Amino acid sequence: MDVFNVTDHNGKKLKDEGIINYIKRSLETDSCFLPSLNSSVGVVPSKEHTSIELTGTDRPGLLSEVCAVLTDLGCHVVKAEVWTHNARAAAVVRVTDESTGSAIEDPNRFTTIKELLCNVLKGNNDPRTAKMTVSLGLTHTERRLHQMMFADRDFERVGGPDRADNKNSRTHVALLDCFEKDYTVVTMKSKDRPKLLFDTVCTLTDMQYVVFHGTVNTGRMEAYQEYYIRHVDGLPISSEAERQRVTRCLEAAVERRASEGLELELCTDDRVGLLSDITRIFRENGLCIRRAEISTKGGKAMDTFYVTDVSGNPVEASTIDSIRQQIGHNILRVKQNLFFSPEPPQETATSFLFSNFFKARSLQNFRLIRSYS
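Each value, and the rule that gives it
Residues numbered from 1 in each chain as written. Predicted model: local features only at pLDDT ≥ 70, side-chain atom pairs only at ≥ 80, totals over all residues. Heavy atoms only, no water. Phe/Tyr/Trp six-rings, centres within 6.5 Å; stacked < 30°, edge-to-face > 60°. Helix = DSSP H or I, 4+ residues; strand = E, 2+ residues; numbered from the N terminus. Buried < 20%, exposed > 50% of the residue type's maximum accessible area, 1.4 Å probe, protein only. Lys NZ or Arg CZ within 6 Å of the ring centre and 35° of its normal. Axes fitted to C-alpha atoms, helices over the stretch in contact; angles between N-to-C directions. Parallel < 35°, antiparallel > 145°, perpendicular 65-115°, else oblique. Left-handed = near helix turned anticlockwise from the far one by under 90°. Contact = heavy atoms within 4.5 Å. Nonpolar A, V, L, I, M, F, W, Y, C, P; charged D, E, K, R; others polar.

S.K.: Quick question: what am I supposed to make of the packing of aromatic side chains here?
M.R.: What describes a pair of aromatic rings is the distance from one ring centre to the other and the angle between the planes of the rings. Scanning the model with the defined rule gives four aromatic pairs in all. For the pair Phe282 and Phe305, a centre-to-centre distance of 5.1 Å together with 90 degrees between the ring planes defines the contact as edge-to-face. Remark: Phe305 occurs in strand β13 (residues 300-309) and Phe282 occurs in helix α7 (residues 274-284); sequence separation between them is 23 residues. For the residue pair Phe282 and Phe305, the accessibility class agrees, reading buried in each case. Joined through ring pairs, the aromatic side chains of Tyr183, Phe212 and Tyr228 make up one cluster. The cationic tip of Arg230 hangs over the ring face of Tyr183; the distance from NZ or CZ to the ring centre is 4.2 Å.

S.K.: Is there a simple way to think about the packing of helix α4 (residues 141-151) against helix α5 (residues 196-206) in this case?
M.R.: When two helices pack together, their arrangement is captured by the angle between the axes and the distance separating the axes. Close contact between α4 and α5 brings their axes to 10 Å; oriented N to C, the two are set at 50 degrees. Relative to α5, the element α4 lies oblique. Note on packing geometry: the crossing formed by α4 with α5 is right-handed. Residues Glu142, Arg143, His146, Gln147 and Phe150 of α4 form the contact with α5, whose own contacting residues are Phe198, Asp199, Cys202, Thr203, Thr205 and Asp206. Tallied by class, residues from the contact of α4 with α5 come to three nonpolar, four polar and four charged.

Below, the structure written as structure tokens:
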């Protein structure tokens, strides 16, 4: 039996009966069950668009180059999501044929698209190979991005420490042994945000672990998660190497979606080549896109970009003003700065109480398992 206490995106109680009924219908069907990492891509056939999956080395201007290639090849981007983490980048891009407005079906065009995009994705002296796949179907984009970045081993510290090692990181993972019932207890403390539970559980599932018991508590800004897990073979975590790998993978799962940077929102009439033009302007003004959500609806392009400068620092106001003048002040809006504070958060009385409450719940859950397992 699972119990979830949820709010809407504004933090208020759900009162819309339509949303409540939609949640009930979704949970009562098998439609929410997604393919595992070991299965095929898991696509649902679609004649409306072609889905392109990309992984490679992250660098400033990468998305601009990808969009320019797609535009030159007559591909119109109608939806896309891009994540970056630990010098790696992954994207799921849905495109249509510029001439027909539907999915691309010519195998020769697939070959050309793959060859050119792989050339763009390959970085200098990159020890890992860029990857690109094409499918005529639909996937759960965010779940797929987790799988792609996990398969690309973005949790490894290649070329130096990543943000998970930074002293300002707010993600802390600890693993404990519950010898009495052969569980491994995973506890996590991080900044609270939407979809945090989704990101954590997807990663545990893709790593072939089963969650038997779990508790999640959120404070004003922090979230505490606790899971009792075993591997699918029924065994708990048994080695220090496995323990470290699970820790790094869970840290990566939280950090991938962390939207550090300045949030820019674009809304304008959609057209072929629009995304290529916008990302080129970003690149020419020294912006680095850390994450992006691209969508079109009713002939309108509605895009969100999270940007920094090429060094990962906040973008200067003069740069943003210049970009908005080029694109249009009414088209490109500044939402908010989502950088973590420059200093590590101080432990307040509230966070201290939450931490102790969570530890106390851990002891209660041990008794729960003893009673009901």
